[in-house]
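Survey of secondary and tertiary structure
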Amino acid sequence: MSATVFVTAPRLGHAGVRTLEEAGSRIIYLPDGGGRAEVEEIMASEAVDAVISRTVELSAAAIEACPTLRVISKHGVGVGNIDVDAATAHGIPVFTTPGANAQSVAELTIALMFNAARRVSWMDAEIRQGRWSRAQDGRQLAGATLALVGAGQIGQRVARTAAATGMRVLAFDPGFGLDSPIPELTMVGSLEELLAQAEVLSIHVPLSERTRGLIGAEQLALLPADAIVLNTARGEVIDEPALVEALRSGQLFAAGLDTTWSEPMEPGNPLLDCPNVVVTPHVGGSTPAALEAMALAAARNILGCLEGTPPDARSCVNPTTLSIERSNA
């Protein structure tokens, strides 16, 4: 099979590249520094059969400009940068790679939790500035309640690790109801019930119209005093101004964030003025192991669809397209 695959980034993990090349695919990369306009230009000028979408926006204009496009695979699970409606309208399935980066994201979640609880980054910065500031108000996590919004593969890995440290772990996820997927986790029936017990709150849901702004001022007010908030999912799930206010007022003890409203963060972002915030630049799934796994899974998604053996429909965000015979005419 000879297909043209467009990767909306300057590179792809070796496992993915090898898999595509062994199938005879031609791979096109987005030049370093390229954005939405460059993606649209390439899609309009090349006979692209498949797209592996990284972080750059894949717009409706790009999708509509490429009549040969047959399948899109996200390099990860968040499809907020892909115009899924436009893909669906043209009968193009959009796949994700669930689980490929779950362990790496879970590990960063745990790292942010311990860092925020013990003010590690703040003390490190103080020492580098010549101050021996020995913070002795850090939180011991053993015995505390960790509350997960979302109990998918990442949440389950976080739960296992937290439980091993002596934490009690609860979760709310409508997809599971009250049936816990793992023994380390106890499900609750509502978000409000979860928040009321959340000494540490961790977000593990994809961004959608249902989850956008899910945690706002009203929800933060339900948390116990001195709670810690973690977000390694998508920044828009939390109302950022409300989070800043809760951090400044002392309502929250700390926050650990791998995702924010604007990425890269603007220099004047008020979160950067909060000494009780630990921030990383959306790198939860960016370990070499996770990048290789996502590249391989995305390549297999692409090839399976092009060869007539689509991947598991559960990894397709618009599964109605799987029964549509799309014409490239």
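The present account deals with the structure reproduced in this document. (Residues numbered from 1 in each chain as written. Predicted model: local features only at pLDDT ≥ 70, side-chain atom pairs only at ≥ 80, totals over all residues. Heavy atoms only, no water.)

Across four bridges, the pairing between strand 1 (residues 4-7) and strand 2 (residues 26-29) is parallel. Looking at the pairing, Phe6 lines up with Ile28 of strand 2. Handedness of the crossover joining strand 1 and strand 2 through helix 1 (residues 14-22): right-handed. (Pairing = 2+ DSSP bridges. Helix = DSSP H or I, 4+ residues; strand = E, 2+ residues; numbered from the N terminus. Right-handed = clockwise from strand over helix to strand, strands pointing away.)

This next bit is on the state of the cysteines. What the rule picks out here adds up to zero disulfides. You can see Cys305 has no disulfide; the closest cysteine sulfur is in Cys316, sitting 7.8 Å from it. With a relative accessible area of 15%, Cys305 lands in the buried category. (Disulfide = S-S within 2.5 Å. Buried < 20%, exposed > 50% of the residue type's maximum accessible area, 1.4 Å probe, protein only.)

Of note, Phe6 is situated in strand 1. Sequence separation between Phe6 and Gly35 is 29 residues; the distance between their C-alpha atoms is 14 Å. Aside from chain neighbours lying at most four places away, what touches Phe6 is Ile28, Tyr29, Leu30, Val39, Ile42, Met43, Val48, Ala50, Val51 and Ile52. (Contact = heavy atoms within 4.5 Å.)

Now for the sheet that holds strand 1. The five strands lie next to each other as 2-1-3-4-5, forming an open sheet whose pairing is parallel. The outermost strands of the open sheet, each flanked by one partner alone, are strand 2 and strand 5 (94-95). Bridging between strand 4 (residues 71-74) and strand 5 involves two bridges; their strand directions are parallel. Its bridge partner lying in strand 5, Ile72 is registered against Val94. Here helix 1 sits on the sheet and contacts strand 1, strand 2 and strand 3 (50-53); the angle it forms with strand 2, its principal contact strand, is near 140°. (Axes fitted to C-alpha atoms, helices over the stretch in contact; angles between N-to-C directions.)

Cis geometry is found at the peptide bond from Glu263 to Pro264, where omega equals 0°. As for its placement among the helices and strands, Pro264 is situated in the loop between strand 11 (252-257) and strand 12 (277-279). Of note in the backbone geometry, Asp226 takes a positive phi value of approximately 65° without being a glycine. Structurally, the position occupied by Asp226 is in the loop between helix 9 (217-220) and strand 10 (227-231). For Asp226, a relative accessible area of 38% puts it in the partly exposed group. A positive phi angle, near 55°, is found at His282, a position not held by glycine.

Geometric values such as these leave the question of function open.
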